[in-house]
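# A closer look at the structure
Each chain is listed here by its residues.
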Amino acid sequence: MSKSSAFIKEKHEQTSSSLRLVEDEGIRKAKTMDSDIVKTSIKQSFTKLDPRVMVKNPIMFIVEIGFCVTLVLSFLPSENLPGWFNITVSMILLFTVLFANFAEALAEGRGKAQADSLKQSKQDIWANLIKNDKVMKVAATELRKGDIVVVKQGEMIPSDGEVIKGLASVDESAITGESAPVLKEAGGDFSSVTGGTLVVSDEITIRITSNPGESFLDKMIALVEGAKRQKTPNEIALNTVLFSLTLVFLLVIVTLPVFTNYLGFSIDTAVLVALLVCLIPTTIGGLLSAIGIAGMDRVTKFNVLAMSGKAVEAAGDINTIILDKTGTITFGNRMAHTLIAVSGETVEELAYWAGISSCMDETPEGRSVVEYINNKGWFSNGTIEGEFIPFKAETRMSGMDLHDGTKVRKGAVNAVINWVMQQGGNIPLDLSKRADLIAKEGGTPLAVAVNNKIYGLIYLKDTVKPGMRERFEELRRMGIKTVMCTGDNPLTAATIAKEAGVDEFIAECKPEDKIAVIKAEQAKGKLVAMTGDGTNDAPALAQADVGLAMNSGTSAAKEAANMIDLDSNPTKIIEVVAIGKQLLMTRGALTTFSIANDVAKYFAIIPAMFTAAIPQMEMLNVMGLHSPLSAILSALIFNAIIIPLLIPLAMKGVSYKPMSSNALLSRNLFIYGFGGMIVPFIGIKVIDVFVGLFV
Ligand SMILES: Nc1ncnc2c1ncn2[C@@H]1O[C@H](COP(=O)(O)OP(=O)(O)OP(=O)(O)O)[C@@H](O)[C@H]1O
Ligand SMILES: [K+]
Ligand SMILES: [Mg+2]
């Protein structure tokens, strides 16, 4: 095994333990950050009182108006109410709004802190720009798409790009927080590099792929800062429902005095305001945006960058996951393992042509072939004159057209058979039997042919990552179907699919087939996630509802996806799905809780409002509250303090265990619906005992 492949394998093996480490470190960092975040959040709670900001959250805006109205009233004489009542209501309302603002600021806080530390890694970087064969020192900020730069050991990579020459280990900890360096090499799926990361060994030539201000780091900063946070369609829909409900209550409250006047008594404005605030869904109104922000933040803590909240929510509803095989389910370092000659050809002859077909093939597969036969002493790069035919997912072959007219190809067995037959060649009788033996072991056979003759097979070996079976089992329990789509042959695909425990597989997939599979699922009304790393995965990543690209992958894949896993661990889609589900559930649970809460508040406020005029109403005072004024204040205070009490739940999310959606739904309805009715009865009663001491 070459140094680089051993390195990649070790890296993959570290992933699961490093995941845990990243989490621990996250907790430690979070502790030191927390008190700062709380301080700024308290400040923010006041600055967010600005009506121009508040109006974006209509429910809390109404509470703010209520605060203003009762504040003004407290300076005016009142007939029925004691002088302190208006100002007390006004202050409780002010705190209700402040608590909601605090929740939002707190949720935003961590991202802002993270953005600050990312900005620090965006210091001045110099680049060695290659122009007209000369090297020039320029500022990284002047680099444009298409520029070619050389980065040496100890230098920062000036901007995002694709390695076009060489191989180097790169420390990406500025972005991923992971200190072990990763290997970057030209060709294949490990070629993209990110600006702001450090080359720790060797030297690479890079083609820049982003213009100033559009780099990955820029996007990442904007993202964690929440600068461009947009409400998701789900959030907008829920907001609309909640606001409509609020308008209905507003209408009821505004028309109430008409009825009471008719009945011959009047209700004070402060009492009406209190009733309105208790009835409108302030709990969820105050926590809604915090829930969304915290959900995104949980994804980031797992080292996954989600480009939008919409993607995270979609992950929560995913029915099908499409995975590619190489580099996703397997380690992705398909390496030449053995050469097998067919129909009486010698291994040396096969090795010679395998070498010629691969000497310019910069893919990891191609390089591994050259390395393998070099190590055996079968081949040395002499002067081979010819035109290189690069590997394409469409042809599934690569090779050389030599200047003397000889055509050499290696590639997927079927592809090479077709190519040889087109030139009138014969297919060796023992070829398919030997290819099948390789495939049955989960290896990838590549046939090697020269003109119309097949010389034999290259056995490319790849290993399934450990723990896959358990991870896919977990997905099954969540009710999610897994489909492996691979460009490899059906037999290899079947072996790997069985070993990894995926539900279905599709072999000999070209990029457009991967899209077709996704579209077919989507047509059945399913939400589809796709994980991949290669350029050939990019169109499918874009088509999927959730596209998770590996950070190690090509920039095409990363551009197309709406999520990037900085640790390049494809099974992290499971965590993203769990976080998405948790986000949707948390929102649902707190909405249920918020609306169920109102029931208890009716029983507190309504009898209190009417007992003076209609003594029989006292019957409804089931809670035995001290006095009408104490009842109203207690309900209002409960309504306010339930917001900060629920902040931890909004931020952490309700607990999630893999089970069917129906089971989850009834469990949550019970806890948050039933609990939402019981808790305020107790809460209001307890508060009333205290308030009753004064009122
Ligand atoms: N460098 C190469 N030269 C020739 N043939 C290759 C080369 N690399 C891969 N192949 C052949 O082409 C097939 C498709 O490869 P490709 O990388 O497109 O698969 P893929 O669609 O990415 O599949 P996977 O899901 O396994 O990642 C391989 O199974 C192999 O037979
Ligand atoms: K309320
Ligand atoms: Mg691939």
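Residues numbered from 1 in each chain as written. Chains lettered and ligands numbered in written order. Predicted model: local features only at pLDDT ≥ 70, side-chain atom pairs only at ≥ 80, totals over all residues. Heavy atoms only, no water.

## Thoughts on the pattern of salt bridges
To keep it simple, the criterion reads: When a carboxyl oxygen of Asp or Glu is within 4 Å of a side-chain nitrogen of Lys or Arg, the pair counts as a salt bridge. Relative accessible area decides the class of each residue, using a 1.4 Å probe on protein chains only: under 20% of the type maximum gives buried, over 50% gives exposed, and in between gives partly exposed.
For the structure on display, the rule yields 30 salt bridges. Here Lys524 makes a salt bridge to Glu521, at a shortest N to O gap of 3.2 Å. With relative accessibility at 55%, the residue Lys524 sits in the exposed group. When salt bridges with common partners are traced through the structure, they connect Lys48, Glu104, Glu108 and Lys112 into a single cluster.

## A few points about the coordination of the potassium ion (ligand 2)
Note the following rule: Any N, O or S atom lying within 2.8 Å of the metal counts as a donor, with the limit raised to 3.2 Å for Na, K and Ca; because water is left out of the atom set, some sites can appear incomplete. Labels follow the DSSP assignment, with helices taken as runs of H or I lasting at least four residues and strands as runs of E lasting at least two, numbered in each case from the N terminus.
Protein-derived coordination of the potassium ion (ligand 2) comes from Val277 (O), Cys278 (O), Ile280 (O), Thr282 (OG1) and Asn639 (OD1), at a distance range of 2.4 to 3.0 Å. Expressed as a motif, the donor residue spacing for the potassium ion (ligand 2) is V-C-x1-I-x1-T-x356-N. In this pair, Val277 is assigned in helix α8 (residues 269-279) and Asn639 in helix α22 (residues 628-652), connecting sequence segments 362 residues apart.

## Digging into the environment of Asn639
Definition in use: Here, residues are in contact when the closest pair of their heavy atoms is within 4.5 Å. Polar contact is the term for a pair of N or O atoms within 3.5 Å; when the atoms are in protein, one must be able to donate a hydrogen and the other to accept it, and sequence-neighboring residues count only if both atoms are side-chain atoms.
A residue is classified by how much of its surface remains accessible, and Asn639, at 0% relative accessible area, is buried. Distance in space between the C-alpha atoms of Asn639 and Lys601 is 8.7 Å, their sequence separation being 38 residues. In contact with Asn639, other than residues within four places in its own chain, are Thr96, Val277, Cys278, Thr282 and Lys601. Within polar-contact distance, the side chain of Asn639 engages the side chain of Thr282 at 2.9 Å. In terms of polar contacts, Asn639 uses its side chain to reach the side chain of Lys601, at 2.9 Å.

## Some remarks on the packing of aromatic side chains
Inclusion rule: Centres within 6.5 Å make a pair out of two Phe, Tyr or Trp rings, where for Trp the six-membered ring is used; the pair is then stacked when the planes are under 30 degrees apart, edge-to-face when over 60, and tilted otherwise. Charge-over-ring contacts are defined here by two conditions on Lys NZ or Arg CZ: a distance within 6 Å of the ring centre and an angle within 35 degrees of the ring normal.
Tallying each qualifying case throughout the model produces five aromatic pairs. With a centroid separation of 5.5 Å and an interplanar angle of 15 degrees, the aromatic rings of Phe670 and Phe674 are classed as stacked. Of this pair, Phe670 and Phe674 both sit in helix α23 (residues 661-691), four residues apart, which is roughly one turn of that helix. Assessed through its relative accessible area of 55%, Phe670 is described here as exposed. Phe674 gets classed as partly exposed once you look at its relative accessible area, which sits at 47%. Here a set of aromatic residues connected by ring pairs shows up, and it is made of Tyr352, Trp353 and Tyr455. Looking at Lys558, its charged tip hangs above the ring of Phe216, at a distance of 5.4 Å from the centre.

## Digging into the UniProt feature "domain: P-type ATPase A" (unreviewed entry) in the protein chain
Heads up, the rule is: UniProt positions are given in the numbering used here, feature names are shortened, and annotations may be inferred rather than shown by experiment.
According to UniProt, the positions carrying the feature "domain: P-type ATPase A" (unreviewed entry) are residues 127-225. Across residues 127-225, the secondary structure splits into 14% helix and 43% strand, with the terminal C-alpha atoms separated by 28 Å.

## What to know about the site of ligand 1
The test is simple: The cutoff for a nearby residue is simple: one of its non-hydrogen atoms must lie within 4 Å of the molecule or strand. For every accessible area listed, the method is Shrake-Rupley and the probe measures 1.4 Å; residues are considered covered only by the protein chains on display.
Surveying the vicinity of ligand 1 reveals 23 residues, the closest of which are Lys325, Thr326, Asp361, Ser398 and Thr486. Residue Ser398 places a side-chain N or O atom 2.7 Å away from a nitrogen atom belonging to ligand 1. For ligand 1, an oxygen atom lies 3.2 Å from a polar atom in the backbone of Cys485. Considered on its own, ligand 1 offers 630 Å² of accessible surface; in the complex 96% of this is hidden by protein. Listing elements by their share of the shell around ligand 1, those giving two or more residues are α11 (325-329), β12 (397-402), β13 (407-412) and β14 (444-450).

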